[in-house]
Amino acid sequence: MPVNIPLLLPEQLLPIQGISLGTAEAGIKRSGRKDLLVIKLAENTQVAGVFTKNRFCAAPVTVAKSHLAALLPTRALVINTGNANAGTGQSGIDYAYATCAALAGLIGCQVQQILPFSTGVIMEPLPVEKITACLPQAVANLVPDNWFAAAQAIMTTDIVPKGVSRQIQLGGTTVTITGIAKGSGMIHPNMATMLSYIATDAAITQPLLNDLVHHTANQSFNRITVDGDTSTNDALILMATGQAGNQTISASTDPRLAPLQAAITEVAILLAQMIVRDGEGATKFITVQVESGKTEEECSKVAYAIAHSPLIKTACFASDPNLGRILAAIGYAGIEDLDVNLVQLYLGDNLVAEHGGRAASYREEEGQRIMQAPEITIQVKLNRGNAATTIWTCDLSYDYVKINADYRS
């Protein structure tokens, strides 16, 4: 079961003025579940996105990036689960475009004003006829308070739907932010196997929104990893309808930008952490903090060496404080001039290694107690500078193997 994810209730996800959502059951992979989502946007909604850096990116990623580059106002997003439409060549591009054309015809806009997204099995033809046949149903179901159903509709191997809402005051105006996400496996930075859609009714210019979506990704979804695999379909889309009534934020020096950025980033971090907590077969949520490095880059090298190590991840699953595995990962992270005698390693608040070896105060039974908890913090102090980074990961369990052994069945 997911690690310490609170039960999400429909009323916890607040509607965003200018956005409506509709779901349908297209039967793409299996019957009996919603697997198609349409998000319709009010005119003049600003939209920005970041996408996977996988060179084998999916057809909908290629089409969505092309449509955003056309600089026409986006009017709707269409998302299907059960099929990734990746590794499908030119036919995949054609099918993604056909999906956009079908939805554009239904809501009365240009094809380039639709952004397509897919998630599911790779290298299988997209059943475009099933999708286009069900689009009228999804459009007929468009309502503003449908965020919970939307979170359910984008799930694949996820166990629970993931969503967060926040409200803040900007110069006396109430601004709402709501976001949903899906993701459970193939989670790794440079986006993960995840889709996330975050919306606000704040008024903000397109250039600032572009900056904001990259900042948000770097502070959240680009700091999580489950298994080190980068998917073909990842996307984070940030939408701003401008219907809250605030005066438009148009300058980076506007004092209202910082609290809006902080609130959107908080929503994204919580969604990203939910993805890790719902990692395929996860039983432990692990925070890796690396501090006092020369640069953030070298801190990240150490953090990901720890987070990607199958030996460390399986030790966490077994509640085994195998310190040697952690020290080894720090050592092979790629810092050529690292002085291991300066490095300090902590489990939770307990110093467990220093001066190149086990700390004199460390006791094995204390390490076991820490590792048995559902949430574990591994902290590394390099003691060579002022840079730091934090990432989030999970353990690898028997269930991870089982889930991925028969994913396509």
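Residues numbered from 1 in each chain as written. Predicted model: local features only at pLDDT ≥ 70, side-chain atom pairs only at ≥ 80, totals over all residues. Heavy atoms only, no water.

K.L.:
How should the overall build of the chain be read in this particular structure?
P.N.:
Secondary structure summary: the chain contains 11 helices and 15 strands in total. Compactness check: the chain gives a C-alpha radius of gyration of 22 Å against a globular reference of 22 Å for 409 residues, within 12% of the reference. When the backbone C-alpha atoms are referred to their principal axes, the chain occupies close to 70 × 50 × 40 Å. Within the chain, the fraction of its 409 residues that count as buried is 56%. Expressed as a percentage of contacts within the chain between residues at least 6 apart in sequence, the contacts between residues at least 24 apart total 81%. Where the 28 positive side-chain charges of the chain centre and where its 35 negative ones centre are 2 Å apart. (Helix = DSSP H or I, 4+ residues; strand = E, 2+ residues; numbered from the N terminus. Rg over C-alpha atoms; globule rule 2.2 N^0.38 Å. Buried < 20%, exposed > 50% of the residue type's maximum accessible area, 1.4 Å probe, protein only. Contact = heavy atoms within 4.5 Å. Lys, Arg positive; Asp, Glu negative; His and termini not counted. Charge placed at Lys NZ, Arg CZ, Asp CG, Glu CD.)

K.L.:
What am I meant to see in the nonpolar core here?
P.N.:
Side chains of nonpolar character tend, in soluble globular proteins, to be buried together. Counting 44 residues, the largest nonpolar core has Ile-198, Ile-204, Phe-221, Leu-260 and Leu-271 as its most contacted members. Ranked by residue count, the leading element in this core is helix H6 (residues 257–277), at 11 residues. Residue-level mapping places this core at the junction of two domains, with at least three residues from each of domain 1 (10–278) and domain 2 (285–406). Cys-299, Ala-329, Ala-333 and Leu-351 belong to the second-largest nonpolar core, a separate cluster that totals 36 residues. (Core = buried A, V, L, I, M, F, W, Y, C linked by side-chain atoms within 4.5 Å. Domains from an automatic or database assignment.)

K.L.:
Any chance you could explain the domain arrangement of the chain here in plain terms?
P.N.:
It is common to report an interface's size as the accessible area lost on association of the parts. In terms of domain boundaries, the chain breaks down into domain 1 (10–278) and domain 2 (285–406). Each side of the interface is counted separately: domain 1 has 16 residues, and domain 2 has 16 residues. Summing the contributions of domain 1 and of domain 2, the shared interface buries around 1,300 Å²; its carbon and sulfur component is 58%. Among the residues domain 1 hides against domain 2, the three largest losses belong to Arg-223, Thr-225 and Arg-277. Together they make up 44% of the total. If you look at where domain 1 meets domain 2, you find two salt bridges. The partner of Arg-277 in a salt bridge is Glu-375, and the shortest N-O contact between them spans 2.7 Å. Here domain 1 and domain 2 share nine residue pairs in polar contact (both at pLDDT 80 or more) between them. Residue composition of the side of domain 1 that touches domain 2, by class: five nonpolar, eight polar and three charged. (Buried area = accessible area lost by both parts, 1.4 Å probe. Salt bridge = Lys/Arg side-chain N within 4 Å of Asp/Glu carboxyl O. Polar contact = N/O pair within 3.5 Å; in protein donor to acceptor, adjacent residues only side chain to side chain. Nonpolar A, V, L, I, M, F, W, Y, C, P; charged D, E, K, R; others polar.)

K.L.:
Can you walk me through helix H2 (residues 89–107) in this structure?
P.N.:
Within an α-helix, residues lying three or four positions from one another point in the same direction, as the helix has 3.6 residues per turn. The end-to-end C-alpha distance of H2 is 28 Å, a good match for the 27 Å that 19 residues give at a rise of 1.5 Å each. Taken as a whole, H2 has its buried residues at Gly-92, Ala-96, Thr-99, Cys-100, Leu-103, Ala-104 and Ile-107. Seen along its axis, H2 keeps its buried residues to an arc of 135°; they face one direction. Exposed residues pointing more than 90 degrees away from the buried face of H2 are listed as Gln-90 and Gly-105. Those residues of H2 hidden inside the fold are in contact with strand S2 (36–41), helix H1 (59–69), strand S4 (76–83), strand S5 (114–121) and helix H3 (128–140). Looking one or two residues past H2, Gly-108 carries a phi angle of roughly 75°, positive in sign. (Expected span 1.5 Å × (residues − 1). Arc of directions from axis to C-beta.)

K.L.:
So what exactly am I meant to see when it comes to the environment of Lys-162 here?
P.N.:
Secondary-structure assignment places Lys-162 in strand S6 (residues 162–170). With 84 residues separating them in the primary sequence, Lys-162 and Asn-246 have C-alpha atoms 28 Å apart. Leave out the neighbours within four places in its chain, and Lys-162 touches Leu-8, Ala-151, Gly-179, Ile-180, Ala-181, Gly-183, Leu-271, Met-274, Ile-275 and Asp-278. Of note is the side chain of Lys-162, whose polar atom sits 3.1 Å from the backbone oxygen of Val-160.

K.L.:
Looking at this structure, how should I read the pattern of salt bridges?
P.N.:
Side chains that differ in charge, positive against negative, can pair when their charged atoms come close. Tallying each qualifying case throughout the model produces 11 salt bridges. The salt bridge partner of Glu-296 is Arg-223, with a shortest N-O separation of 3.2 Å. Placement of the pair is Glu-296 in helix H7 (residues 296–308) and Arg-223 in the loop between helix H5 (206–219) and strand S9 (235–240), with a sequence separation of 73 residues. Glu-296 sits in the partly exposed class, given a relative accessible area of 41%.

K.L.:
Teacher, can you tell me more about the environment of Val-302 here?
P.N.:
Inspection of the secondary structure puts Val-302 in helix H7. Val-302 sits in the buried class, given a relative accessible area of 0%. Residues Val-302 and Gly-331 lie 29 residues apart in sequence; the distance between their C-alpha atoms is 8.3 Å.

K.L.:
So what exactly am I meant to see when it comes to the pairing of strand S8 (residues 194–200) here?
P.N.:
Moving residue by residue along a regular strand, the side chains alternate between the two faces of the sheet. Taken across its seven residues, S8 has seven buried, putting it largely inside the fold. Looking at chain direction, strand S7 (residues 173–183) and S8 are connected through seven bridges and run antiparallel. Residue pairing for S8: Gly-179 is matched across the bridge by Ile-198. In this sheet, S9 lies alongside S8 in parallel orientation, the contact comprising six bridges. Its bridge partner being in S9, Ile-198 is matched across the sheet by Leu-238. (Pairing = 2+ DSSP bridges.)

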